[in-house]
Amino acid sequence: MNQQAFINRVRSRLGRSGADGIPQWTPSLPIPDAGPTDPEALVERYQAELAKLSGESYRVASEAEVAPLVVRILKEAGASGPVARWDDPVLNGLGLDEALTAAGYPVTPLRHGEPGRPQVELVEKAAAGITGADFAIAETGTLVMGSSRPGDAAAPGRGRTVSLLPPIHIAVVQKEQFVYTAAQVFRQLRQMGVLPSQVIFASGPSRSADIENDLSIGVHGPGQVHVIII
Amino acid sequence: MPDLKTRINTALRDERLRGAVRYTADNLRTKRNAILADLNEQAAQGMAIGTFDDLRKQARRIKEHTLKHLDYYLEQAADQIRQSGGTVHWAADSADVVRITEEIIERRQAKKVIKSKSMASEEVALNHALEAKGIEVVESDLGEYIIQLAHETPAHIVIPAIHKTRQQIADMFGEVAGRQLTTDTPTLTRFARETLRQKFMAADIGISGANFLVAETGTICLVTNEGNGRLTTSVPPVHIAIVGMDKLVPTLEDLAVLLGLLPRSATGQKITTYFNMITGPRRPGEPDGPEELHVIFLDNGRTNLLGSKYEEALMCIRCGACLNVCPVYRNIGGHAYGSIYPGPIGSVISPLLTDFGEWTDLPQATSLCGACHEACPMGIHLHEHLVRLRMDAVEKGKADPGFTRLMKLWMTAWRNPTVYRMAAKIGRLGMRPFVKKRPDGTEVAERLPGPFAAWTNTRNVPPIAKRTFHERWAELEKEAQR
């Protein structure tokens, strides 16, 4: 069936023979500005919510502390082998590659724009994936991650799989990136214009309750989620 | 397929099934109630975007508006999907979905398909059609994988394998593994992860459904916990999304309301582990993601509801809350319904999508208690639609003619006071031989003969009162006059 026939069928059921113009629509929320705005309160709530979902979070005072902490997390998790990471300004200045390589975790290079799936194959073999985030939502312990920077279609280097395929996901977020509700994120994404090809809201490790309603962690996505807050 | 009565009786005799369904349904219902109480409390302190009732009202407003302008939003969504590099297809029915999918498969010379959970694909029985063409189709949601191995259909909209015990699951996984597996959840989960990860990496095409589709951006939204929805849409070189035309919402901001309702109502979670928003295929320069994105908009009978007295049933967000509270579903589970949409919502939409099709009897499989309406995050008046459907079935001549005649006779008799009173007297006398006195002095009929046995097979009947209300009223009136 073609588009016109499909739309015509819908129209005739709605009692119209042609287009009806642009509908007037204003999205609205019962409590539009719910929750605190103080970054400290947001971070605290985020950490509490993430803990409920079996995720781990850490606070560091400066960017310099990030790389050693990442190494420590990997060691404590008993990880071995290569590590994949986003090629993104948030991570590039943290000295991750040097620290990780020195600690025995070679960093998987990102292959931008190559045909086929070299990236996916490499990321799949990684012991851990390191990403940044665009937002962190305090109410639900959620990280929001675009496959490229939202509002900036010409800034690739992230992709979809680094936070997904490896068994451990480590994310680095800045205190300023915290908001309280998902509603605030949707509003901001809307204002930013161009959406990345994928935006993921991730709240804690992958889970399932499909076997006798018994909770299990790490079904298809990462079984461990570590969030480092600068 | 055996008739509804036979299916129900089979389910009722299956104690293990009933136990498993009730256990999980109870669990989901308890968690839902707790999370909604929490939401209301948070909203009262200004710490959530609204109470359950607030969100329900707002969600209805969104869906009512979208349905009223569905032609506009479908066109807008299609334009946006194309603009972000996707391809749009239009499917009037199941056959269209199968044909469109097969064309893509053929062009890509694909052999292996991986799927994330999609009720729309179940609705059009896509797996069977593709498997018949020699394509390997693997379900990747843990629950769907289990029922695929069992060659069954989902028994619940959200928890497909609600009726399977861990022993049964271990046996099926063991057969695939070629070795015996222990029945603990971590072992079974690890086996599924490893097996399905290989399937993901080898798949030529990933097929998903959609929970919402944002018209202003053409964004496909998927709500999942396991991550298989992310893998399906990120790893294979082609992503096909089958989207019921009822999934549209106007703007990104509208998602806040619906996302506030769906996970809470479905599994009692504030938010699912993953909420996935897909706008087009991999962009130039991006390191991963599918090269092709296809969106198939599906009608398959949905226009039957549009503009009709049943239109609000198109607001359903497939959370399954009405199943978990339904006294019928809780006793017979999903398969007895026969349709892939079970429970109250299934009994409403299955006949509507198919112009009654095989589902004329389904609106009878309900107690009309209204628990479904109360639980529904969209406030759909399910119990009222069930009654309307019964009336429609009679009017359209689809109902069982013998039963219809009987009900008409009943109606005529009960409208006539003389006949009604006579029937009460005859009933009282007729029941006498079957009434027993219990030790506590009350009287009860445990077994009645003939057609009445259908009632007493599963419950007791109190005897008709020695003096009916009418008789007592007549006496009272006389006394009052004295």
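Residues numbered from 1 in each chain as written. Chains lettered and ligands numbered in written order. Predicted model: local features only at pLDDT ≥ 70, side-chain atom pairs only at ≥ 80, totals over all residues.

Observations regarding the overall build of chain B
No. 1: The helix and strand inventory of chain B stands at 22 helices and 12 strands.
No. 2: When the backbone C-alpha atoms are referred to their principal axes, chain B occupies close to 100 × 55 × 50 Å.
No. 3: Sorting the 482 residues of chain B into buried and exposed places 50% on the buried side.
No. 4: Long-range pairs, those at least 24 residues apart, make up 70% of the contacts in chain B with a sequence separation of at least 6. (Helix = DSSP H or I, 4+ residues; strand = E, 2+ residues; numbered from the N terminus. Buried ≥ 20, exposed ≤ 12 C-beta atoms within 10 Å, placed from the backbone. Contact = placed C-beta atoms within 7 Å.)

Quick notes on the sheet that holds strand E6 (residues 219-224) of chain B
No. 1: The sheet built from 8 strands is open, its strands ordered E8(A)-E5(A)-E6(A)-E9(A)-E9(B)-E6(B)-E5(B)-E8(B) with mixed pairing. Of all strands in the sheet, those bounded by a partner on one side alone are strand E8 (178-179) of chain A together with strand E8 (248-249) of chain B.
No. 2: Of the strand pairs in this sheet, strand E5 (residues 212-214) of chain B and E8 of chain B are connected by 2 bridges, and their pairing is parallel. Within the sheet, the bridge partner assigned to Val214 of chain B lies in E8 of chain B and is Val249 of chain B. (Pairing = 2+ DSSP bridges.)

So, the interface of chain A and chain B
No. 1: Contacts between the two partners involve 68 residues from chain A and, on the opposite side, 84 residues from chain B.
No. 2: When residues in the side of chain A that touches chain B are grouped by element, the largest group, 7 residues, is from helix H1 (residues 3-13) of chain A.

As for the confidence of the model for chain B
No. 1: When pLDDT is averaged along chain B, the result is 95; 100% of the residues meet or exceed 70.
No. 2: The ipTM, which scores confidence in the relative placement of chains, is 0.96 for this predicted complex, and the corresponding pTM is 0.94. (pLDDT = per-residue confidence, 0-100.)

Some details on the pairing of strand E6 (residues 142-146) of chain A
All names here are of chain A.
No. 1: Most of E6 sits out of view: 5 of its 5 residues are buried.
No. 2: What you see with E6 is no split at all: Thr142, Val144 and Gly146 on one side and Leu143 and Met145 on the other are buried throughout.
No. 3: In this structure, strand E5 (residues 135-137) lies alongside E6, joined through 3 bridges in antiparallel fashion. Bridge pairing in E6 links Phe135 to Val144.
No. 4: Where E5 folds back onto E6 in an antiparallel hairpin, the turn is made up of 4 residues, including Gly141, whose phi is positive at roughly 65 degrees.
No. 5: Relative to strand E9 (residues 198-202), E6 runs antiparallel, the two being bridged by 4 bridges. Within the sheet, the bridge partner assigned to Leu143 lies in E9 and is Ala202.

Remarks on the sheet that holds strand E3 (residues 107-108) of chain A
Residues and elements named next belong to chain A.
No. 1: The strand order across the open sheet formed by 6 strands is E1-E12-E7-E4-E2-E3, and the pairing between neighbours is parallel. The strands lining the two open edges of the sheet, one partner per strand, are strand E1 (56-59) and E3.
No. 2: Here E1 pairs with strand E12 (residues 224-229) via 4 bridges, running parallel. Bridging across to E12, Tyr58 finds its partner in Ile228.

Regarding the environment of Asp134 of chain A
Residue and element names in this part refer to chain A.
No. 1: Within the element layout of this structure, Asp134 appears in the loop between strand E4 (128-131) and E5.
No. 2: In the structure, Asp134 is positioned 25 residues away from Gly159 in sequence and 13 Å away in space, judged by C-alpha atoms.
No. 3: Dropping the residues within four chain positions of it, Asp134 is found in contact with Val144, Met145, Gly146 and Pro150.

Quick notes on the packing of helix H7 (residues 182-192) of chain A against helix H12 (residues 255-267) of chain B
When two helices pack together, their arrangement is given by the angle between the helix axes and the distance between those axes.
No. 1: It is at 9 Å that the axes of H7 of chain A and H12 of chain B come closest, and there the two elements cross at 150 degrees. By the angle class used here, H7 of chain A and H12 of chain B are roughly antiparallel. Remark: the crossing between H7 of chain A and H12 of chain B carries right-handed chirality. Residues Ala182, Ala183 and Phe186 of chain A of H7 of chain A form the contact with H12 of chain B, whose participating residues are Leu255, Ala256 and Leu259 of chain B.
No. 2: Here the contact of H7 of chain A with H12 of chain B is composed, by residue class, of 6 nonpolar, no polar and no charged. (Axes fitted to C-alpha atoms, helices over the stretch in contact; angles between N-to-C directions. Parallel < 35°, antiparallel > 145°, perpendicular 65-115°, else oblique. Left-handed = near helix turned anticlockwise from the far one by under 90°. Nonpolar A, V, L, I, M, F, W, Y, C, P; charged D, E, K, R; others polar.)

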